Amino acid sequence: MNQVLPEVSEARPELGVVQPGLGRADIAFAVNGAAVSVNVPPLRRLSQVLREELRLTGTKVGCDAGDCGACTVLVDGDPVCACLMPAASAAGASVTTVEGLANGRLSALQASFLAHGAAQCGICTPALLVAATALLDTTPRPTETEVQDALGGILCRCTGYRKIIAAVMEAGRFEPSTDSAAPHPPAGTFSPYSDGEKGEAPALATPSPRSSRGEGEEQRERHSFDLGLDRRMPISGNAVGASPVRLDGVPKVTGAEKFGGDSFPADALAVLVVRSPHYHAGFAFGDLDGWANKHPGMVGVFTAADIPGKNCFGVIGPFADQPALAEGFARLRGEAVALVAGEREAMFDLDMSDFPIRWTELPHILQPSEAQAKDAALIHGNRPSNLLTSGFVERGDPETALANAAVAVTGAIETSYVEHAYIEPEAGHAYMDGDTLVVVACTQAPYMDRDDTAKVLGLPVDKVRIVPTATGGGFGSKLDVSLQPLIGLVALKTGRPAALAYTRNESMMSTTKRHPAEMKATIGADADGHVTGMIFSGDFNTGAYASWGPTVANRVPVHASGPYATPNYRAEGRAIHTHGPISGAFRGFGVPQATIMQETLYDELAGKLGIDRLDFRLRNCLRNGSETVAGQRLESGVGIAECLEALLPHWARAQADADTFNSNHEEKKRGVGVASCWYGCGNTSLPNPSTIRVGIAADGTVILHQGAVDIGQGSNTVITQICADALGLPLEKFRLKSADTAISPDAGKTSASRQTFVTGKAAEKAGRTLREKILRFANVSEKATLQLDGAAIVIREGEATRRIDLASLDMDADGFVFRAEETYDPPTLPLDAKGQGKPYAVYGYGAQIAELEVDLKLGTVKLIKITAAHDVGKAINPLLVEGQIEGGIAQGIGMALMEEYIPGRTENLHDYLIPTIGDVPPIETILVEVPDPEGPFGAKGLGEHVLIPTAPAILNAIRHATGVLVTKVPATPTRIRAGILGKDGIREKEARA
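These figures come from a predicted structure and were not determined experimentally. The written sequence of each chain sets the order in which its residues are numbered from 1. pLDDT decides what is reported in this predicted model: residues at 70 or higher carry local features, side-chain atom pairs at 80 or more are listed and counted, and totals for whole chains, interfaces and linings draw on all residues regardless. Excluding hydrogens and water, the side-chain figures rest on all heavy atoms present in the structure.

K.L.:
Would you mind showing me how to read the environment of alanine 724 here?
P.N.:
Following the sequence through the fold, alanine 724 ends up in helix 19 (residues 715-727). Its relative accessible area of 1% is what places alanine 724 among the buried residues. Separated by 593 residues in sequence, alanine 724 and alanine 131 place their C-alpha atoms 37 Å apart. Whether two residues are in contact is decided by their heavy atoms: any pair within 4.5 Å suffices. Residues contacting alanine 724, with those up to four places away along its chain left out, are Ala239, Leu729, Leu731 and Phe734. Secondary structure is summarised from DSSP: a helix means a run of H or I of at least four residues, a strand means a run of E of at least two, and numbering begins at the N terminus for each. Only protein chains enter the accessibility calculation, which uses a 1.4 Å probe; a residue is then buried when its area is under 20% of its type maximum, exposed when over 50%, and partly exposed in between.

Here it is, written out as structure tokens:
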């Protein structure tokens, strides 16, 4: 699919290329059936022409190297990576983008994507739709293999691919329709931006930063969605437990959704970031003004000396230590040291090789063991021994318990850096609205962005507004600020809009990673197979700056026991500074690493005891009334036993299949592995509030201020479903005002599996409060039902009916005639010196089986199937739950088998490998619902949990197949083969042969 075409060096009038000189040409071609002509340099990327000249931003750019496939379009019917195609090569051709797939109504394929939940964050969706359209044009009923072959060049980081495959294979069941009873609305009837919203927020009235093409205004109004999308659910039906089409789904499949780089104002300055090429280096600038004056179109160069506020940010205030622009020396490769701002065209061809900066490379430390050495230099002078912080949990007497155990096992595991690899690199723009700085960018935490940006730029927080765009994947890394203070500085200093989109290389160089871990543990059990004690220690490489290192260090010791009763326990997690990449939040905050250590030892312990591995876990799992290693009594809602029990028939079948296979094969062996997980939802023993506002306008619209950023997990839909049922009105009546620090209350960051639980609970409370206010106004009981009829509420109780004319009631400043605002903060307690307390109000649970084959000669692994049972309390939206499980499993597969970020070597999506559509096997999802009374309608969080058991289940399956435990993750073929050779006692010389 990736296509590199020859350079164009001459006029080709027969193809519509007319070379007027000065490096530009008039290039004519057709786009989505319409004739277009652009005047651009002939070698400009087709992707840039489509996005920046024609404003067809449905075509995404994820790498500019043909590695991710996000820019796929059809050229004369064939899929092509538009980032690799010179504009001149499109002359005379017919180009189809995602915007051209719907001809007044959704195509059958787009409808199938919606029905199957095949679009999550949506950043890769346009490319997948375009490539799949080409496949269906020639093969209307493709096999799974044909789908995988056709889409193999397009990476998705959210979905796990399974629903994409199903959507393409079953697209033939969907016929485009404008019938109101059809399962999906016609594309022409839907806009992601509600009517009547123009100018509602103050910043929207400022014309200066807007694009002359009108795109800037459209993006800034993304806070408002028309949610009347569900056509499969009766209007009066319950929303909770149903799977309506995701409420932001249509713009994702039509290309209308606006991500961070999709709405740059036409007059915005382009910004480049100068970054350190060294792990540790001093630097000095030369004549910056002279350099800028030599380059036409340059507006300014900005350094730390230009920062008006405190040049320090961080997600956890007491540990904040990272400068927006380094001062004098850089602590890591990729650290930002200067900004260059200029006119867009001038920046395209800017040669930075003569930028006046002199580097002095300094000694660097990359391993925690080196950083902890007695004579090691301090990376931060105020942190002795390069220790950022540590977490500790102790219960009982673990040494005595282990000494008296019938059986004990000890092991060590090392894990690697893992890159988030979201398909959307960081992107956004900033502008001044009067004396208020407005930053429009992808993020997971708008209020945190606001506070840090204000601090760095010396502005009051009420003079900074963060408007989140759609976010093309986050998984934790977009919790930290990245470009927000940088583009804010340029806008503040120049008075002009400033725009920046990270290249894939600088995104991977400069943003956070999963912590590498070096862990050791010992676990003991009695003769009956009950765990008696455990000791765990882990060193986590937190890199040059703190980021979420304190969270990892404190969360790991609470979770390292797994969801099992462990009466005697000690665990310590330490976050250690190095000059490596900053390690931060990544789906699990260190728990996936610790679970690999614990679950692989559980397999070994079961083996020594002669107990079935699944049965061993059932004997030891937490139950209602159990106490955790932190001393928390779990009164109810503990669903790990139900998850393990749900796997029993699958476990028996998988082992029988493996036995049959292995008896008939010598060079390949099949293995079956199991692993469990638990995860506390929300912050660890810290305040964790979310606030939701909901009201009814005079026209009968229900307006939900929902500030929980949806990064693909579905919070826009799930939280609205919860509020709808709590209020007692149908989903279709709701209009969503999304996260925007100027208009919506703070719903907290999208992390720690907290949004369904915490923000969902706030939404439930707000819905119930609003319902109570309406019923009290009507003087009826809780048994009454509500119905909206135009601009009136109809209230029925028994035979009595009352109609309230909303237009006759007084409106407040927000246009509400009835309103409610509620905050929920989970009840937790601090941990004492021994880590005892109540760190979380709600836990989620899960267990997975991995089936695979190992080629004993090559060390390669072929995944056969993964079966996943997860306790979600209550599946608010079962389809979205399944999507989260499949996506998390795909990331767990990557962690287990292929993902290993190596600074300086894997800073692109060609050398850094993530699972493709062919790497994820069939996944069978079993939804377990053990309600927790604290959660909304009994629901628990899910996002983190689903990744945690996958890697240990795979490692246990590899050991089952080969007899070898790989102790350095990922388990690459080289490491598996080395383990097999070592087990078999083959000499090194023979191994090389």
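K.L.:
Got a minute to help me understand empty space enclosed by the protein in this structure?
P.N.:
Empty space among the atoms becomes visible once a probe the size of a water molecule is rolled across them. With a 1 Å grid laid over protein atoms only, a set of points is called a cavity when a 1.4 Å probe fits there but cannot get out and a pocket when it is open yet has protein on both sides within 12 Å along at least five of seven lines; lining residues have an atom within 4 Å of a point. Grid points are joined across faces, edges and corners, and a volume is the space filled by probe spheres set on the points. Taken as a whole, this structure holds ten cavities of 30 Å³ or more when the rule is applied. Within this model, the largest cavity holds a volume of roughly 550 Å³. Along the wall of the largest cavity there are 35 residues; nearest its centre are Gln713, Ser753, Gln884, Leu942 and Gly943. For the lining of the largest cavity, the elements supplying multiple residues, two or more each, are helix 19, helix 20 (755-778) and helix 21 (878-897). The biggest single contributor to the lining of the largest cavity is helix 21, with three residues. Charged residues are taken to be Asp, Glu, Lys and Arg, nonpolar residues to be Ala, Val, Leu, Ile, Met, Phe, Trp, Tyr, Cys and Pro, and polar residues to be all remaining types, Gly included. Residue composition of the lining of the largest cavity, by class: 13 nonpolar, 17 polar and five charged. Estimated volume of the second largest cavity: approximately 310 Å³. Taken together, 24 residues line the second largest cavity, and the ones lying closest to its centre are Phe313, Gln322, Val481, Ser482 and Ser510. Taken together, the residues of the lining of the second largest cavity break down into eleven nonpolar, eight polar and five charged.

K.L.:
How should I be thinking about the pattern of salt bridges in this particular structure?
P.N.:
Between side chains of opposite charge, pairing is possible as soon as their charged atoms come close. Salt bridge criterion: a side-chain nitrogen from Lys or Arg within 4 Å of a carboxyl oxygen from Asp or Glu. Taken as a whole, this structure holds 55 salt bridges when the rule is applied. With its nearest N and O atoms 3.1 Å apart, the salt bridge here joins arginine 162 to glutamate 144. Of the two residues, arginine 162 is situated in helix 5 (residues 162-169) and glutamate 144 in helix 4 (residues 144-151); the sequence distance between them amounts to 18 residues. Residue glutamate 144 is classed as partly exposed on the basis of its relative accessible area of 27%. A salt bridge links arginine 771 to glutamate 782; the shortest N-O distance between them is 3.8 Å. Pair noted here: arginine 771 is in helix 20 and glutamate 782 is in the loop between helix 20 and strand 29 (785-788), with a separation of eleven residues, a long-range link.

K.L.:
How should the sheet that holds strand 35 (residues 923-928) be read in this particular structure?
P.N.:
Strands belonging to one sheet form pairs held by backbone hydrogen bonds; the direction of such a pair is parallel or antiparallel. Read from one edge to the other, the open sheet built from four strands follows the order 25-33-34-35, with strand pairing classed as mixed. Looking at strand neighbours, the two that pair on one side only are strand 25 (668-680) and strand 35, the edges of this open sheet. Ignoring strand direction, the axes of neighbouring strands in this sheet form an average angle of 15°. Pairing of strand 25 with strand 33 (residues 843-855), which is carried by 13 bridges, proceeds in the antiparallel orientation. Residue glycine 671 lies in a different strand from strand 33, and its bridge partner there is leucine 852. Each of strand 25, strand 33, strand 34 (861-871) and strand 35 is contacted by helix 18 (residues 640-663), which is oriented at about 170° to strand 25, the strand it contacts most. Here a strand pair is declared whenever DSSP counts at least two bridges between the two strands. Comment: axis = line fitted to C-alpha atoms, over the contacting stretch for helices; angle = value between 0 and 180 degrees taken between N-to-C directions.

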